[in-house]
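Next come the chains, spelled out residue by residue.
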Amino acid sequence: MQSQKRSGGMPNEVRKGVDPKKIITRAQRQFYQICTRKRESTCPSERRSYIVRKDALQSEMRTWKYPLHFIDFETIAPALPHFSGDSPYDSYAFQLSHHTLDEDHEVKHSSEFLNTRYDTRPSIEFLDALYESIGPILTEGGTLMQWSPHETRTLQTMLASPITQAELSPEKCAGLSQFLQGGSSPMVDLHQLASRHYYVDGSSASTSIKRLLKPTIDASDELKRLYGSPTYNGHNFTNFQWYQEDADGNAVDPYKLIEDFSSDETSSPIAHGGAAVAAYSDLVLGKVKEDVRKKTESSLLRYCELDTLAMVMIVQAWKDFLKE
C-alpha cells in the first residue's frame, strides 16, 4: 500500500486506486484534496496523511549518488536595468544557498553567496561562487538537486551571455555546463518528482515547496525527531529548532518562523521570492540606510538557507515514508 496506513490515512476508495507504477495525475491530486477537506471538516484533529507512488519514487532515488547537493538561486529580471549595458528583462542571479546530505545522514549548509552591491553586476562573482560550491561534484561524485527547472534555466541563460563568455574562465564555463540537460551531471528536479509521486494533506494539492514543507513535517515522525530540538546549525542559524508546535499541536510553518525572525529587523519580512527580489532591488538601488542594509542582507541569507534546507527535509521525509 502506497499511502499512510494510520487512522488518519486516505479513505479506502483512494487507497485501493493507487497504482505504484503510475504518476499522480492532476485529477487524482484534486480528488485527494477533496477527500482531505471532507475529513478535516469532520475530524480536524486527525493526523496528516500522504500518498506516495512508492515504486516509482524509489526507482528514481536509487539512481542518486551521494552526497546529495541541494541548490537554490535568487534571481531578478528587471524591466528597468540596474546596470549599465543591460537590456530590459535581462535575467541574472544575485544569491545562492547550498546544502549537502551524505550517506550517513549528516546535513550541512555547505556554502552561500549574496551580492547586493550597487556598483557591480553580480553575474561573474555568482558563477565563480557556484563553481566553487558544486564544481567538486564533477570529480568527487554526487547528485545536484533543484526545486523546479528555474536553476537550470538561469544557469543556461547566464552561461550563454556574452559577458559571461568574455569574463568567466573557459574551465568554469565548461564545468558548470555539465549540470545542464545533456551534461554529465544534470540537476535532478525534485519538484517534478513531487508532482508525479507525492501528495500530503494540508498542501492544498500544491507542489510548491513552501506549501509542502509544513504538512510534510506534520506527517513525518522522522522530521519531528531530527528537527524537534535546537540542534540545527548553518551559516545563519545557531542551535535552531525547526520543528515547533502551535497551540493545536501542529507544526509551525518554518517560513513563518523566519518571517517572525526577520520582522524585528526590516519593515518587510522576507519569507518568499517576491519579497527577496523587492529587498534586493532596494539594496542595489541604494534605497536603504546602511544599518537597514545589513539587517536586510541577513534576512535574505536566512530565507535562501531555508529554501535549500526545505529540500533536504522533503527528501528525508520521503526516505522515511518509503520504509513504511
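Refer to the structure above for everything that follows.
Residues numbered from 1 in each chain as written. Predicted model: local features only at pLDDT ≥ 70, side-chain atom pairs only at ≥ 80, totals over all residues. Heavy atoms only, no water.

Here we look at the side chain of threonine 116
As a reminder of what qualifies: In this text, helices come from DSSP runs of H or I with a minimum length of four residues, and strands from runs of E with a minimum of two, each type numbered from the N-terminal end. We call two N or O atoms a polar contact when they sit within 3.5 Å, provided that within protein one can donate a hydrogen and the other can accept it, with sequence-adjacent residues counted only if both atoms are side-chain atoms. Contacts are assigned to residue pairs that have any heavy atoms within 4.5 Å of one another.
Within the secondary structure, threonine 116 sits in the loop between strand S4 (107-114) and helix H4 (123-134). A distance of 2.5 Å separates polar atoms of two side chains, one belonging to threonine 116 and the other to glutamate 297. Setting aside chain neighbours within four positions, we find threonine 116 in contact with Tyr280, Leu283, Val284, Arg293, Glu297 and Leu300.

Brief notes about the packing of helix H10 (residues 209-219) against helix H14 (residues 290-321)
What counts is decided by this rule: Convention adopted: a line fitted to C-alpha atoms gives each axis, helices being fitted over their contacting stretch, and angles between N-to-C directions are expressed from 0 to 180 degrees. Convention used here: angles under 35 degrees read as roughly parallel, angles over 145 as roughly antiparallel, angles from 65 to 115 as roughly perpendicular, and any remaining angle as oblique. A clockwise turn of the near helix away from the far one marks a right-handed crossing, whereas an anticlockwise turn of less than a right angle marks a left-handed crossing. Think of it as three bins: nonpolar holds Ala, Val, Leu, Ile, Met, Phe, Trp, Tyr, Cys and Pro, charged holds Asp, Glu, Lys and Arg, and polar takes everything else, Gly as well.
Here H10 crosses H14 at 45°, and the two axes come no closer than 10 Å. Judged by the inter-axis angle, H10 sits oblique to H14. Of the two possible hands of crossing, H10 and H14 adopt the one that is left-handed. In contact with Ile209, Lys210, Leu212, Leu213, Thr216, Ile217 and Ala219 of H10, H14 contributes Tyr303, Leu306, Asp307, Ala310, Met311, Met313, Ile314, Ala317 and Phe321. When its residues are assigned to classes, the contact of H10 with H14 shows 13 nonpolar, one polar and two charged.

Description of the sheet that holds S4
We count it as follows: The pairing criterion for strands is at least two bridges between them, as found by DSSP.
Overall, mixed pairing links the five strands, which are arranged S4-S3-S2-S5-S6 in an open sheet. Of all strands in the sheet, those bounded by a partner on one side alone are S4 and strand S6 (188-189). Both strand S2 (residues 68-76) and strand S5 (residues 143-146) contribute to a ladder of three bridges, which runs parallel. Note on S5: the bridge partner recorded for leucine 68 is threonine 143. Relative to the sheet, H4 contacts S2, strand S3 (92-101), S4 and S5, its axis offset from that of S3 by approximately 10°.

A word on the side chain of threonine 100
Keep this limit in mind: Only protein chains enter the area calculation, which uses a 1.4 Å probe; residues under 20% of their type maximum are buried, those over 50% are exposed, and those in between are partly exposed.
Counting through the fold element by element, threonine 100 comes out in strand S3. With a relative accessible area of 11%, threonine 100 lands in the buried category. Looking at threonine 100, its side chain comes within polar contact range of the side chain of serine 110, at 3.1 Å. With residues up to four places along the chain from it excluded, the contact list for threonine 100 reads Leu68, His69, Glu106, Val107, Lys108 and Ser110.

Points about unusual backbone geometry
Between tyrosine 66 and proline 67 the backbone carries a cis peptide bond, its omega angle lying at 0°. Positive phi is not limited to glycine here, since histidine 105 has a value of about 70°. Residue placement: histidine 105 occurs in the loop between S3 and S4. The backbone of alanine 205 sits at a positive phi, close to 65°, despite the residue not being glycine. Topologically, alanine 205 is positioned in the loop between strand S7 (198-200) and H10.

Focus: the pattern of salt bridges
Keep this limit in mind: Salt bridge criterion: a side-chain nitrogen from Lys or Arg within 4 Å of a carboxyl oxygen from Asp or Glu.
Taken as a whole and judged by the stated rule, the model has seven salt bridges. The salt bridge partner of glutamate 297 is arginine 293, with a shortest N-O separation of 3.8 Å. Here the residue glutamate 297 and the residue arginine 293 both occupy positions in helix H14, the gap between them amounting to four residues, near one helical turn. Shared partners join several salt bridges into a network, and the residues in it are Glu290, Arg293 and Glu297.

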